[in-house]
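Inside the fold
Listed below are the residues making up each chain.
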Amino acid sequence: HSWSWGKYDGTDTNTSGASNQQTPKRMYDVLPELENEKIVDVHCGYGWYGDGHILMLTASGKVYGWGQNNYGQLGDGSTTNKSAPASVTGISNAVDVAAGEDHTCAVINDGTVKCWGINNSGQLGDGTTTSSNLPVSVLISITLVGVFLS
């Protein structure tokens, strides 16, 4: 199971909705579909405004995000900040995730890479400088030689 706690002011990442969650709260209490999921990776990103976002990868390949979303870095098709995990649209078979400065990427099990969020300097790797609140394909693919999950 995964747990969350900390400051919450409407944009931060503790998932409880309280002003401060000083004790850990189970993630599946706020998103019941996580109750039977094994969390295999968690990444924290940061943003221009000091608030960040969190990405969580499950053993089944689903990716969830919450926190700051002003550039669509949560990948749920919106730019609305989230206090609870939201499923990344169209990602169901990821093997790795990375959270950057207002953008996020996932490696898919077929070797493709998807990214979303701010793209003012080409961070998404799709040949544009257009930000996206949904995953876009990076113009490369990789060959997976192995995946290690502990």
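Quick look at the structure, then. (Residues numbered from 1 in each chain as written. Predicted model: local features only at pLDDT ≥ 70, side-chain atom pairs only at ≥ 80, totals over all residues. Heavy atoms only, no water.)

1. Remarks on the side chain of His103
- Topologically, His103 is positioned in strand β8 (residues 103-108).
- Since its relative accessible area comes to 17%, His103 is described here as buried.
- A polar contact is formed between the side chain of His103 and the backbone oxygen of Glu101, at a distance of 3.0 Å. (Helix = DSSP H or I, 4+ residues; strand = E, 2+ residues; numbered from the N terminus. Buried < 20%, exposed > 50% of the residue type's maximum accessible area, 1.4 Å probe, protein only. Polar contact = N/O pair within 3.5 Å; in protein donor to acceptor, adjacent residues only side chain to side chain.)

2. Describing the nonpolar core
- Of all hydrophobic cores here, the largest spans 11 residues; its members are Leu55, Leu57, Val63, Val88, Ile91, Ala94, Val97, Ala99, Ala106, Ile108 and Trp116.
- Those elements giving two or more residues to this core turn out to be β4 (53-58), β7 (94-99) and β8.
- Sorting elements by how many residues they give to this core places β7 first, with three residues.
- Every residue in contact with Ala106, bar those within four places of it in the chain, is listed here: Ala94, Asp96, Val97, Thr112, Val113, Lys114 and Trp116.
- If you look at the next biggest cluster of nonpolar residues, it comprises eight residues, including Val95, Val107, Val113 and Val138. (Core = buried A, V, L, I, M, F, W, Y, C linked by side-chain atoms within 4.5 Å. Contact = heavy atoms within 4.5 Å.)

3. Here's the deal with the environment of Cys44
- With respect to the element layout, Cys44 can be found in strand β3 (residues 39-45).
- Excluding anything up to four places from it in sequence, Cys44 contacts His53, Ile54 and Ala99.

4. Focus on the sheet that holds β3
- In spatial order, the strands read β3-β4-β5-β6; together these four strands make up an open sheet with antiparallel pairing. Here the strands that pair on one side only, and so sit at the sheet edges, are β3 and β6 (82-87). The sheet shows a mean angle of 20° between the axes of neighbouring strands, direction not considered.
- Summarising the sheet, β3 and β4 pair through six bridges and their orientation is antiparallel. By the bridge assignment for β4, Val42 is matched with Met56. (Pairing = 2+ DSSP bridges. Axes fitted to C-alpha atoms, helices over the stretch in contact; angles between N-to-C directions.)

5. Examining the state of the cysteines
- Per the counting criterion, the structure on display carries one disulfide.
- Across a sulfur-sulfur distance of 2.0 Å, Cys105 and Cys115 are joined as a disulfide pair. Judged by the sign of its S-S torsion, about 110°, the cystine formed by Cys105 and Cys115 is right-handed. Of this pair, Cys105 sits in strand β8 while Cys115 sits in strand β9 (residues 112-117), and the two are 10 residues apart along the sequence.
- Under the relative-accessibility criterion, Cys115 is labelled buried at 2%. (Disulfide = S-S within 2.5 Å.)

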